[in-house]
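Residues per chain, in single letters:
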Amino acid sequence: NPFNPETTISFSVPTSGLASLKIYNLKGQLVRNLLNETREAGKHSVVWNGKDDNGNSVASGMYLYRLSNDNQTLTRKMLLAK
């Protein structure tokens, strides 16, 4: 799943409620908070442009995204290749 310069993260939430989608580096440091809002049950997508919360481009490498909704958490890897 390498991407450059942006990627779309598609996901579905089983129940309506607060959804959170965050990007972390491999050190476990928060890089970007993409989503933290109420979402209806169903399919959604969010675009990450390879930038951190300060608007700076991040380095090439492996990143993790963590999706949380209704006391469930899903973590997946993604590779930014510049």
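First, a word on scope: everything that follows refers to the structure included in this document. (Residues numbered from 1 in each chain as written. Predicted model: local features only at pLDDT ≥ 70, side-chain atom pairs only at ≥ 80, totals over all residues. Heavy atoms only, no water.)

Before going further, it helps to spend a moment on the sheet that holds strand β4 (residues 30-39). As summarised here, the arrangement of the five strands in space is β1-β7-β6-β3-β4, forming an open sheet in which the pairing is mixed. At either margin of the open sheet sits one strand with a lone partner, and together these are β1 (2-3) and β4. Direction of pairing for strand β3 (residues 17-25) relative to strand β6 (residues 61-69): antiparallel, over a ladder of seven bridges. Paired with S20 across the two strands is S68, which belongs to β6. (Pairing = 2+ DSSP bridges. Helix = DSSP H or I, 4+ residues; strand = E, 2+ residues; numbered from the N terminus.)

Within the secondary structure, V47 sits in strand β5 (residues 42-48). Judged by its relative accessible area of 44%, V47 falls in the partly exposed class. Put simply, V47 and I9 are 38 residues apart on the chain and 6.1 Å apart in space, counted from C-alpha to C-alpha. Discounting chain neighbours no more than four positions away, the residues touching V47 are E6, T7, T8 and L34. (Buried < 20%, exposed > 50% of the residue type's maximum accessible area, 1.4 Å probe, protein only. Contact = heavy atoms within 4.5 Å.)

As for its position among the elements, L35 is in strand β4. Each C-alpha atom of the pair L35 and Y65 lies 11 Å from the other, and the pair is 30 residues apart in sequence. Residues within four places of L35 in sequence aside, it is in contact with F11, A19, S20, L21 and V46.

So, on to the environment of N71. Summarising the element assignment, N71 is placed in the loop between β6 and β7 (72-80). Sequence separation between N71 and T15 is 56 residues; the distance between their C-alpha atoms is 11 Å.

The next thing to look at is the nonpolar core. Membership of the largest hydrophobic core comes to 18 residues, with the highest contact counts inside it found for L21, I23, W48, Y63 and M78. Among the elements of the structure, β2 (7-13), β3, β4, β5, β6 and β7 are those that each provide at least two residues to this core. Not counting the four nearest positions on each side in its chain, W48 is found in contact with F3, P5, E6, T7, I23, V31, R32, L34, V58, Y63 and M78. (Core = buried A, V, L, I, M, F, W, Y, C linked by side-chain atoms within 4.5 Å.)

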